[in-house]
Amino acid sequence: MSSSLASRKTFNLPWVDRLLNGLSSFEFGPKLQASVKAAVVPVVAILIFLGLWSVGAKQVQTSLGQFPGPAAVWDQTKALWGEHEAARAKEAAFYERLDKRVEKAIAAGKSPERIEKIQSRQYTGPATFIDQIFTSLYTVGAGFLVASLIAIPIGIVCGMNATFYQAMNPIIQLFKPVSPLAWLPLVTMVVSAMYVSDDPMFDKSFLNSAITVTLCCLWPTIINTTVGVAGVSKDLLNVSRVLRLPFLTKTVKIVLPSAVPMIFTGLRLSLGIGWMVLIAAEMLSQNPGLGKFVWDEFQNGSSNSLARIMVAVLVIGFLGFLLDRGMLMLQRAVSWDRNAVVR
Amino acid sequence: MSSYLNIDHVSITFPTDKGPLNVLDGVDIKVEQGEFISLIGHSGCGKSTVLNIVAGLLQATEGGVLLQEKEVNEPGPDRAVVFQNHSLMPWLTVYDNVRLAVDQVFKKTKTRAERDAWTRHNLELVHMSHALDRKPDEISGGMKQRVGIARALAMEPKVLLMDEPFGALDSLTRTHMQDSLMEIQARLNNTVIMITHDVDEAVLLSDRIVMMTNGPSAKVGEILHVDLERPRDRLALAEDPAYNHYRAEVVKFLHERHVQPDAPASAKADADDDESEGEQDGIRLVS
Ligand SMILES: Nc1ncnc2c1ncn2[C@@H]1O[C@H](COP(=O)(O)OP(=O)(O)OP(=O)(O)O)[C@@H](O)[C@H]1O
Ligand SMILES: [Mg+2]
């Protein structure tokens, strides 16, 4: 026992001694304090937000009833999940029946064409909320991927070649501020005119949404890649000149790695904008996805609609957050610039 | 008779916003194989420009550089450069930084295993074998500069060019690096041109010290032969009258004669004004 505790020694109560001892040796270091704070502050903030929301919601009366508070939204979350599970069960049952019919047809010795025709039937129930989530994620992913595959090479060439940059710059500056929703009618018309095939690989609605996302994801990536590539340290380029690195090696070994942090900044911006634009595009053009869900609920106008829209709003926000975190983690994993505080 | 490296009446004029700027005017330096040359002069006089012309990173407007009788007009690994700020790729480890150069230079002449061994050998030479897997961010300034030197040595250059290689280091680290460099130089006997601001460093390391006049239109002011026996020991030399004489010569040039190369050493008239200028320009008289 340490001498400092001797003065606090209690009579006949050794467990108090032990408790005091334990407490005094427990580290209330700044690190622990910081991590407790980091955990508590957001929770408190969310609780306050929920409180204000629930109080505020009660004050707002709309033609569709009271504005939904947290409780109503939670109920609708469960309801939406229930609908999804019911739809899944229905789908499973449909395919079970289909299998049985196929078996029967085979037993009855029907022609192979007929059997194939039975087999090829698809379940066509309405898309549930969960389905819409995945549709939106898939669409934004596809549009973003295509945009990145186009934008990164363009940005690299822009950054390395001043003439090409001068040529591209007015085009980029002109189209960058255009809301991609303005493109939507054009995209829709062009897709329906050009994409004619008997056995389409993609739905037209999917293409419309994805191309719209692509159009808005291009610019931040091009601009940031250009800045990153053009900003490669002159000394490093001199090293590559002294070594006489061939163009490709120089690009892969020096230019790209040093531009990676900027490229990812562009990608993160693009994905964020793409996600926002996609929801708007889905609402506007009635393409499947979360945007359509919101619009349908709005048109539906039942007493639950507002709560269901609120669920969608929260889910959209949360998914946007996850997408950004995902990109951030990727950026941290591939970025060499450990000093840069990436948030 | 032609020298190993011949910097032949090199002049360079940069176009600037305020009209053409003549930075070098007929700089003429002849370097023999295995010689260690220091370039010293006030800041902005054009030392880096000379080095970059030898490296091929800049083109002379007039005159040219001959290495073994062949004209130099583009950069190449036969004239390796150690840059002032190390210029290591921050995303590559110490080993990979050197290996990148080794792979490029000995692509056709060495096998993979030989290149690996050669990379390790050069890092061993600068005493960096213990930190092969560290990134430049994770090592000290002196260590980074060692790696930069290892990378340049690994190219087996005909001429090693160093632009203030130790300028950014604290004085204790700098003395260590100078000793390392002397040790390496004793083993490899490279041909070296080194820019420095440090008078002691110049005298300690060089066979000859090339002192440049102030720009614009800088030229070679004076060339000082340093006839001190090698290996040199900084402690023993501190009391050596010959060493102190050389040192004084350089200091005198920088403070009295750098404006006009032909002016007599006793031209005190403008020396007082220039003294303060010399300090501002970062010439380290005491290190
Ligand atoms: N590309 C360029 N365009 C215009 N002027 C230049 C260029 N490069 C160098 N200069 C000028 O040439 C002069 C010499 O520059 P240099 O970098 O060679 O000096 P230095 O002796 O190495 O100086 P320091 O000791 O500070 O490194 C400076 O006045 C500089 O402004
Ligand atoms: Mg310089």
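Within each chain, residue numbers correspond to sequence positions counted from 1 in written order. A letter from A marks each chain and a number from 1 marks each ligand, given out in the order of writing. Given that this is a predicted model, residues contribute local features only at a pLDDT of at least 70 and side-chain atom pairs are listed and counted only at 80 or more, while totals for whole chains, interfaces and linings are drawn from all residues. Based on all heavy atoms of the structure, the side-chain values leave hydrogens and waters out of the count.

Peer 1: Got a minute to help me understand the site of ligand 1 in this structure?
Peer 2: Residues and elements named next belong to chain B. Inspection of the region around ligand 1 gives Phe14, Thr16, Val23, Ser43, Gly44, Cys45, Gly46, Lys47, Ser48, Thr49, Glu164 and His197 as its neighbouring residues. Here Gly44 contributes a backbone N or O atom positioned 2.8 Å from an oxygen atom of ligand 1. Think of a polar contact as two N or O atoms within 3.5 Å of one another; within protein, one of them needs to be a possible hydrogen donor and the other a possible acceptor, and neighboring residues in sequence only count if both atoms come from side chains. Contacts to ligand 1 include His197, whose side-chain N or O atom sits 3.2 Å from an oxygen atom. Considered on its own, ligand 1 offers 640 Å² of accessible surface; in the complex 61% of this is hidden by protein. Of all elements in the fold, only β1 (5–16) and α1 (47–55) reach the threshold of two or more residues within the shell around ligand 1. Any residue with a heavy atom lying within 4 Å of a molecule or strand is counted as near it. Methods summary: accessible areas were calculated by the Shrake-Rupley approach with a probe of 1.4 Å, and residue burial reflects only the protein chains presented. The secondary structure listing takes helices from DSSP runs of H or I that are at least 4 residues long and strands from runs of E that are at least 2 residues long, numbered from the N terminus.

Peer 1: Looking at this structure, how should I read the state of the cysteines?
Peer 2: Two cysteines joined by a covalent bond between their sulfur atoms form a disulfide. Residue and element names in this part refer to chain A. Note that a disulfide, as used here, is simply two cysteine sulfur atoms within 2.5 Å. Taken as a whole and assessed by the stated rule, the structure comprises zero disulfides over all chains. The closest cysteine sulfur to the non-disulfide-bonded Cys158 is located on Cys217, 18 Å from its own sulfur. Exposed residues in this analysis have more than 50% of their type's maximum accessible area, buried residues have under 20%, and partly exposed residues fall in between, with area computed by a 1.4 Å probe over protein chains only. For Cys158, a relative accessible area of 3% corresponds to the buried category. The thiol of Cys217 is not disulfide-bonded; the next cysteine sulfur, from Cys216, is found 4.4 Å away.

Peer 1: Help me understand empty space enclosed by the protein in this model?
Peer 2: Gaps left between atoms are located by rolling a probe of water-molecule size over the structure's atoms. Residues and elements named next belong to chain B. Each cavity reported here is a set of points on a 1 Å grid over the protein atoms alone in which a 1.4 Å probe fits but cannot get out, each pocket an open set with protein on both sides within 12 Å along at least five of seven lines, and each lining residue one with an atom within 4 Å of a point. Grid points are joined across faces, edges and corners, and a volume is the space filled by probe spheres set on the points. Counting across every chain of the model gives three cavities of 30 Å³ or more. Of the voids in this model, the largest cavity is the one considered here, and its volume is about 40 Å³. Elements represented by at least two residues in the lining of the largest cavity include exactly α4 (141–154) and α5 (171–188). If one sorts the elements of the lining of the largest cavity by residue count, α5 sits on top with four residues.

Peer 1: Please clarify how the confidence of the model for chain A should be interpreted in this entry.
Peer 2: Reading fine detail from the predicted coordinates is not recommended where pLDDT is low. Residues and elements named next belong to chain A. In the predicted model, chain A carries a mean pLDDT of 86, and 90% of its residues have values of at least 70. Put simply, helix α1 (residues 3–6) is where chain A has its lowest mean pLDDT, 45, and helix α6 (residues 129–160) is where it has its highest, 94. Confidence drops under pLDDT 50 across residues 1–9; counting only partners more than four residues distant or on other chains, this segment forms eight contacts. Values of pLDDT, ranging from 0 to 100, describe the predictor's confidence in every residue of the model. Should any heavy atoms of two residues lie within 4.5 Å, those residues are considered in contact.

Peer 1: In this structure, what is going on with the sheet that holds strand β2 (residues 19–31) of chain B? I would like to understand it.
Peer 2: Each strand in a sheet pairs with its neighbour through backbone hydrogen bonds, running either in the same direction (parallel) or in the opposite one (antiparallel). Residues and elements named next belong to chain B. Across the sheet, which stays open at both edges, the four strands sit in the order β2-β1-β4-β5 with antiparallel pairing between neighbours. Both edges of this open sheet fall to β2 and β5 (70–71), since each of them pairs with a single strand only. When DSSP locates at least two bridges between a pair of strands, those strands are taken to pair. Of the strand pairs in this sheet, strand β4 (residues 62–67) and β5 are connected by two bridges, and their pairing is antiparallel. Paired with Leu67 across the strands is Lys70, a residue of β5. Here an axis means a line fitted to C-alpha atoms, over the contact stretch when the element is a helix, while the angle between two N-to-C directions is reported on a 0 to 180 degree scale. Contacts from α1 reach β1, β2 and β4 within the one sheet, and its direction differs from that of β1 by about 115°.

Peer 1: What is the right way to look at the domain arrangement of chain A in this model?
Peer 2: Accessible area lost when the parts come together is the quantity often used to give the size of an interface. Residues and elements named next belong to chain A. The split into domains, and so the bounds of each, comes from an automatic or database assignment of domains. Structurally, chain A comprises domain 1 (2–59), domain 2 (65–119) and domain 3 (129–194 + 201–334). The straight-line distance from the C-alpha centre of domain 2 to that of domain 3 is 34 Å. Taken together, the eleven residues of domain 2 in the interface contact eleven residues of domain 3. When the two sides are added together, the surface that domain 2 and domain 3 hide from each other amounts to roughly 1,000 Å², 72% of it contributed by carbon and sulfur. By buried area we mean how much accessible surface two parts lose on assembly, using a 1.4 Å probe and totalling the loss over both. Interface area lost by domain 2 to domain 3 is led by Val73, Gln76 and Leu80, which between them contribute 51%. By definition here, a salt bridge exists when the distance from a side-chain nitrogen of Lys or Arg to a carboxyl oxygen of Asp or Glu is within 4 Å. At the boundary of domain 2 with domain 3, the tally comes to two salt bridges. The salt bridge involving Glu83 is made with Arg308; its shortest N-O contact spans 3.0 Å. The interface formed by domain 2 and domain 3 holds four residue pairs in polar contact (both at pLDDT 80 or more) in total.

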